[in-house]
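Report on the structure
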Amino acid sequence: MPADGSGLNGIYSVSFRSLPGGALCSCSTSLRGAELTLTALLTVFFFAPLYFLFDAAGHLQPAVFGGLCAGVGAYCLMSMNLVLAARPRVLERWLGGLDKLYWVHKWTGAGALVLIFLHEQIDLEVKGQGATSGLSELAAEAGELVFYPLLVLGLLSLFKRIPRLSFEIPYAWWRLSHRFMGAIFAVGVFHQFFVKLPFDNSTMISAYLTWMGIAALAAFAWTQAAPFLQRRAYKVTSVDRKPSATVIRLAPQGRPLKQAAGQFALISFARKGLTEAHPFTVSSQAGSDEIEFSIKPLGDFTRRLRDTARPGDTAYLQGGFGRFSGAKSGKRQVWLAGGIGITPFLALAGSLKADDNTDIDLVYCVRNRSEAIGLDRLEAAATRVPGFRLHLHVSSEEGRMDAEKLAAKADPAGAGLWFCGPVQLRKSILKGLSAIGKSPNSVHFERFEFR
Ligand SMILES: Cc1cc2nc3c(=O)[nH]c(=O)nc-3n(C[C@H](O)[C@H](O)[C@H](O)COP(=O)(O)OP(=O)(O)OC[C@H]3O[C@@H](n4cnc5c(N)ncnc54)[C@H](O)[C@@H]3O)c2cc1C
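Residues numbered from 1 in each chain as written. Predicted model: local features only at pLDDT ≥ 70, side-chain atom pairs only at ≥ 80, totals over all residues.

Thoughts on the environment of Ser177
Our working definition: For the purposes of this entry, the term helix denotes a DSSP run of H or I that reaches at least four residues, the term strand denotes a run of E that reaches at least two, and both are numbered from the N terminus. Contact between two residues is assigned when their C-beta atoms, built from the backbone, lie within 7 Å.
By secondary structure assignment, the location of Ser177 is in helix 7 (residues 171-194). Ser177 has contacts with Leu153, Leu156 and Ser157, leaving out every residue within four places of it along the chain.

Following this line, the structure appears as structure tokens:
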């Protein structure tokens, strides 16, 4: 995930990605929370087993002990990685959002890969402790057999582009690389359980690793099953092909999705070419059973959706996910949307109440007026809610949005800045605001990026 992060006031770190065609997507993340959590998780899952390991095998030569530590560490990190991939709600809440959970997931994966590499480089044959039975020999060979596939899949999942070549690794390959990880980890569990180790299966470390392996395999099985078990069936009620986005409305066929304003869902359709689930932010007001998405046609899926989706189609939704809620950043807020980044704000503005004690300026940047979506709803919210103001910025008429223009429309100094837009806009605005001494109190945006 080539997420670029830049610190702001030393507290928040922001990270965005641009979509093909220079379009947007973003959301909020405080990497400090994620880093702290990662440290805590690492301490529990990584260092604790090493402590037991020292008890059981501390008598070995340093190089061999080091190789063993690398193997155990890799195993623990990979277990943790698979548990995180199951997106446990409690961890998502704890980490402050799915984007942060994926961030930790990615770096535990990278750590595991480095340790597996080290483990493979060190000859762990200990005098008199080598493979002694057919099964332990098989376990040792199985470990070696999956080393290269694991390396390839690991690298595929870590890199979005092949460095130096302008080749972006297709998302489908990335997904596929994740599908096989569970199978490879199962071989890892077999390897650790049966390979001849300088301690036996009754030790604390052994029990620890076995339970960790079972938890990780169960989490992986859940990850594969959850999309089918948790998804809700919807029927498409309308498809409105606006110049800049396909606005699609859906009605639930059974229990509706539970989602809050600003959240996103994973959507797939029972239609050829649209069966892979993609994430989109709900742009309708939370609370109504019908649900709406505004989707910019950028790539294969989003273009095909525009061309082929019809009322009556069946869709499957999973969610809601994300923490782009507008909450917890005080009364004074500036919402800045670039292009299709308006989607979470459409939902958030719709959920404002007339008697809310709010002081919010929404600045919506579009290239030209025809690109704007949901203007009537935003204007209605501005009329209904006294503390909510809408500013449309049309760059073909007023020039590109910059820090001075933003400050003139809605002073962000001392406010909470909520942003959803292209990476370039975010970077230049934050840099410009800092240069003119108008930095916001906090900046919020989630990563609209799963890799
Ligand atoms: C949390 C979140 C909320 C989003 N909300 C909106 C929204 O409200 N409106 C909107 O227009 N766009 C939104 N997007 C972006 C949207 O998901 C992508 O534009 C779309 O999936 C691209 O698919 P494609 O095949 O058309 O394009 P491609 O050109 O194939 O893919 C472009 C990029 O999209 C990502 N991507 C592709 N397939 C998937 C997938 N199955 N799952 C996850 N990511 C994928 C990859 O990083 C890829 O590099 C959101 C993305 C995220 C992560």
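Concerning the sheet that holds strand 15 (residues 442-444)
Formally: DSSP calls a pair of strands paired once it identifies at least 2 bridges connecting them. For helices, the axis comes from a line fit to the C-alpha atoms of the stretch in contact; other axes are also lines fit to C-alpha atoms, and the angle between any two N-to-C directions lies between 0 and 180 degrees.
Pairing is parallel across the open sheet formed by 5 strands, whose spatial order is 13-12-11-14-15. Of all the strands in the sheet, just strand 13 (388-394) and strand 15 have a single pairing partner and so form its edges. Adjacent strand axes in the sheet meet at a mean angle of 15 degrees when their direction is disregarded. On the sheet, helix 11 (residues 375-384) packs against strand 12 (359-366) and strand 13 and is oriented at approximately 145 degrees with respect to strand 13.

Some remarks on the nonpolar core
This is how the line gets drawn: We define the nonpolar core as any set of buried residues of the types Ala, Val, Leu, Ile, Met, Phe, Trp, Tyr and Cys, connected via C-beta atoms lying within 7 Å of each other. Field definition: a residue is buried when 20 or more other C-beta atoms are found within 10 Å of its C-beta, exposed when 12 or fewer are, and partly exposed for counts in between, with C-beta atoms placed from the backbone.
Counting residues in hydrophobic clusters, the biggest one holds 97 residues, and the most contacted among them are Leu336, Ala337, Phe345 and Leu362. The dominant element in this core, judged by the number of residues it contributes, is helix 2 (residues 62-85), at 14 residues. The residues touching Ala337, leaving out its near neighbours within four places in the chain, are Ile342, Phe345, Leu362, Tyr364, Cys365, Cys420 and Gly421.

Some words on the pairing of strand 10 (residues 314-321)
Bridge count between strand 5 (residues 232-241) and strand 10: 4 bridges; the pairing is antiparallel. In the strand pairing of strand 10, Tyr234 is matched with Ala315.

Section: the packing of helix 2 against helix 8 (residues 204-230)
To describe two helices that pack against each other, one gives the angle between their axes and the distance between the axes. In plain terms, the rule: For classification purposes, angles smaller than 35 degrees are called roughly parallel, those larger than 145 roughly antiparallel, those between 65 and 115 roughly perpendicular, and all remaining angles oblique. We call a crossing left-handed when the near helix sits turned anticlockwise from the far one by less than a right angle, and right-handed when that turn is clockwise.
At their nearest, the axes of helix 2 and helix 8 sit 8 Å apart, and the two run at 30 degrees to each other. As summarised for this structure, helix 2 and helix 8 are arranged roughly parallel, according to the angle between their axes. For the element pair helix 2 and helix 8, the recorded crossing hand is left-handed. Across from Val72, Tyr75, Cys76, Met78, Ser79, Leu82, Val83 and Ala85 in helix 2, the residues of helix 8 making contact are Leu209, Met212, Gly213, Ala215, Ala216, Ala219, Phe220 and Thr223.

Here we look at the environment of Val385
Tracing the backbone through its elements, the reader meets Val385 in the loop between helix 11 and strand 13. Residue Val385 is classed as partly exposed on the basis of its 17 C-beta neighbours within 10 Å. Every residue in contact with Val385, bar those within four places of it in the chain, is listed here: Leu352, Ala354, Asp356 and Thr358.

Some words on the sheet that holds strand 5
Spatial strand order, 8-7-10-5-6-9: 6 strands in an open sheet with antiparallel pairing. A strand with exactly one partner marks an edge of an open sheet, and here the two such strands are strand 8 (278-281) and strand 9 (291-295). Each strand of the sheet is rotated relative to its neighbour by a mean of 40 degrees, with strand direction disregarded. As defined by bridge partners, strand 7 (residues 264-269) adjoins strand 10 across 6 bridges and the pair is classed as antiparallel. Its bridge partner being in strand 10, Leu266 is matched across the sheet by Gln318.

Some words on unusual backbone geometry
Across the junction of Gly319 and Gly320, the peptide omega takes the value -15 degrees, indicating a cis bond. Along the chain, the position of Gly320 falls in strand 10. At Arg87, a position not held by glycine, the phi torsion is positive, near 50 degrees. Mapping Arg87 onto the fold places it in the loop between helix 2 and helix 3 (89-95). For Arg87, a count of 17 C-beta atoms within 10 Å gives the class partly exposed.

Side note on the pairing of strand 13
The condition that has to hold: The handedness of a crossover follows from its direction of travel: if, with the strands pointing away from the viewer, the path from the first strand over the helix to the second runs clockwise, the crossover is right-handed.
The sheet contact formed by strand 12 and strand 13 spans 7 bridges and is parallel. By the bridge assignment, Asp361 is partnered in strand 13 with Arg389. With helix 11 bridging strand 12 and its parallel neighbour strand 13, the resulting β-α-β unit is right-handed.

Regarding the environment of Phe324
The residue Phe324 is located in the loop between strand 10 and strand 11 (332-338) in this model. You can call Phe324 buried: it has 29 C-beta atoms within 10 Å.

A look at the confidence of the model for the protein
Counted only if it meets this: One number per residue, pLDDT, summarises how confident the predictor is, and it ranges from 0 to 100.
Residue-level pLDDT values for the protein average 84, and 85% of them are 70 or greater. In the model of the protein, strand 1 (residues 4-8) stands out as the element of lowest mean pLDDT, 27, in contrast to strand 6 (residues 246-252), which has the highest, 98. A low-confidence stretch, residues 1-30 stays under pLDDT 50, and its non-local contacts, those more than four residues away or across chains, total 96 contacts.

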